[in-house]
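# Results of the structural survey
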Amino acid sequence: MENWFAALTLFEKVYWIVAIIGSIFLLFLVFTTLVGGDVDDAGDVDADIDADTGIGFQFLSFKNLVGFFTIFGWSGIACLDNGLSTGLTIVVSVICGLLMMLVMASLFYYLGKMQSSGTLQLKNAVDQIGEVYLTIGAKRSRIGKVSVNVQGTLRELQALTDEEHDLVQGNVVKVKDVTDTGILIVNLLNQ
């Protein structure tokens, strides 16, 4: 092994070292990701944050740099083994490394877009059909409850109505609006 490495030119040694070290880091990252070591936990934070928490398009990150150096090294070795010139080897390996960074950044970006916050957005209840669970007073005189499917989950939510008569258990209603305090405004469907 030592004889093989000693016989390489400095240019070839650089590519082999970059490829091997990049591969080791990449294997470590893959392993830690698979066993749950890839956590971005900043401790126990008790705060109410109302912001877009999706990750943006991150071209320059540690994972992307590891991918760059790994592909840079192996593509450079492949170019040298095929007899390409030094200049062409550098150009091809840099392009391959940059393409790898672009692919990885795009992958993480689109995976981040698939995340769901799980927070109930009451505006998603508007135009949904539900059923009265607890009697709702006519002309907004008494808050009742309705069972309505919001964001793929059946929920029991507080509701008011502008109808002339009380809405009783079993009445089918449609959500017309949501108040600023999170109470649904419903209309009777089956009259």
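### What to know about the overall build of the protein
- Along the backbone of the protein there are four helices and five strands.
- For the protein, the sequential pattern of α-helices and β-strands runs α-α-α-α-β-β-β-β-β.
- Each of the 191 residues in the protein was classed as buried or not, and the buried ones make up 27%.
- A sequence separation of at least 24 residues applies to 58% of the contacts in the protein between residues at least 6 apart.
- When the accessible surface of the protein is totalled, it reaches about 12900 Å², and 59% of it is carbon and sulfur.

### Quick look at the sheet that holds strand 5 (residues 184-188)
- Spatially, five strands are ordered 1-2-3-5-4 in a closed barrel, and the strand pairing comes out mixed. The average angle at which neighbouring strand axes cross in this sheet is 55 degrees, direction not considered.
- The pairing of strand 2 (residues 144-150) with strand 3 (residues 153-161) spans seven bridges and is antiparallel. Paired with K145 across the strands is Q158, a residue of strand 3.

### Description of the packing of helix 2 (residues 10-34) against helix 3 (residues 62-81)
- Direction vectors running N to C along helix 2 and helix 3 enclose 140 degrees, while the axes themselves pass 7 Å from each other. As judged from the angle between their axes, helix 2 and helix 3 are oblique. Helix-helix and strand crossings are classified by hand; for helix 2 and helix 3 the assignment is left-handed. Residues F11, E12, Y15, W16, V18, A19, G22, S23, F25, L26, L29 and T33 of helix 2 form the contact with helix 3, whose participating residues are F62, K63, V66, F69, T70, F72, G73, W74, G76, I77 and L80.
- Per-class residue counts for the contact of helix 2 with helix 3 are 15 nonpolar, six polar and two charged.

### Brief notes about the nonpolar core
- By size, the foremost hydrophobic cluster in this structure holds 15 residues, and its most contacted members are I136, V146, V148, L167, L184 and V186.
- Those residues within four positions of V148 in sequence are excluded, and the remaining contacts are Q128, I129, G130, T153, L154, R155, L157, V175 and L184.
- Membership of the second largest hydrophobic core comes to eight residues, among which are V18, A19, I77 and M101.

So, how was this worked out
Position labels on residues start from 1 in each chain and follow its written sequence. Confidence filtering applies because this is a predicted model: local features only for residues at pLDDT of at least 70, side-chain atom pairs given and counted only at 80 or more, and all residues used for totals across whole chains, interfaces and linings. Excluding hydrogens and water, the side-chain values take into account all heavy atoms of the structure. Strands here are runs of E lasting at least two residues and helices are runs of H or I lasting at least four, both read from the DSSP assignment and numbered beginning at the N terminus. To sort residues, take the accessible area from a 1.4 Å probe on protein chains only and compare it with the maximum for the residue type: under 20% means buried, over 50% means exposed, and anything in between is partly exposed. Contacts are assigned to residue pairs with any non-hydrogen atoms lying within 4.5 Å of each other. To be clear on the numbers: accessible area is Shrake-Rupley with a 1.4 Å probe, and residue cover counts the displayed protein chains and nothing else. Strands pair, by our definition, only if DSSP identifies at least two bridges between them. Axis lines are fitted to C-alpha atoms, over the contacting stretch for helices. Their N-to-C directions set the angle, which ranges from 0 to 180 degrees. Note on angle classes: values under 35 degrees are labelled roughly parallel, values over 145 roughly antiparallel, values of 65 to 115 roughly perpendicular, and the remainder oblique. The handedness criterion is simple: a crossing whose near helix is rotated anticlockwise from the far helix by less than a right angle is left-handed, and one whose near helix is rotated clockwise is right-handed. All amino acids are sorted into three groups, where Ala, Val, Leu, Ile, Met, Phe, Trp, Tyr, Cys and Pro are nonpolar, Asp, Glu, Lys and Arg are charged, and the leftover types, Gly among them, are polar. In this text, buried Ala, Val, Leu, Ile, Met, Phe, Trp, Tyr and Cys residues form a nonpolar core when linked through side-chain atoms within 4.5 Å.

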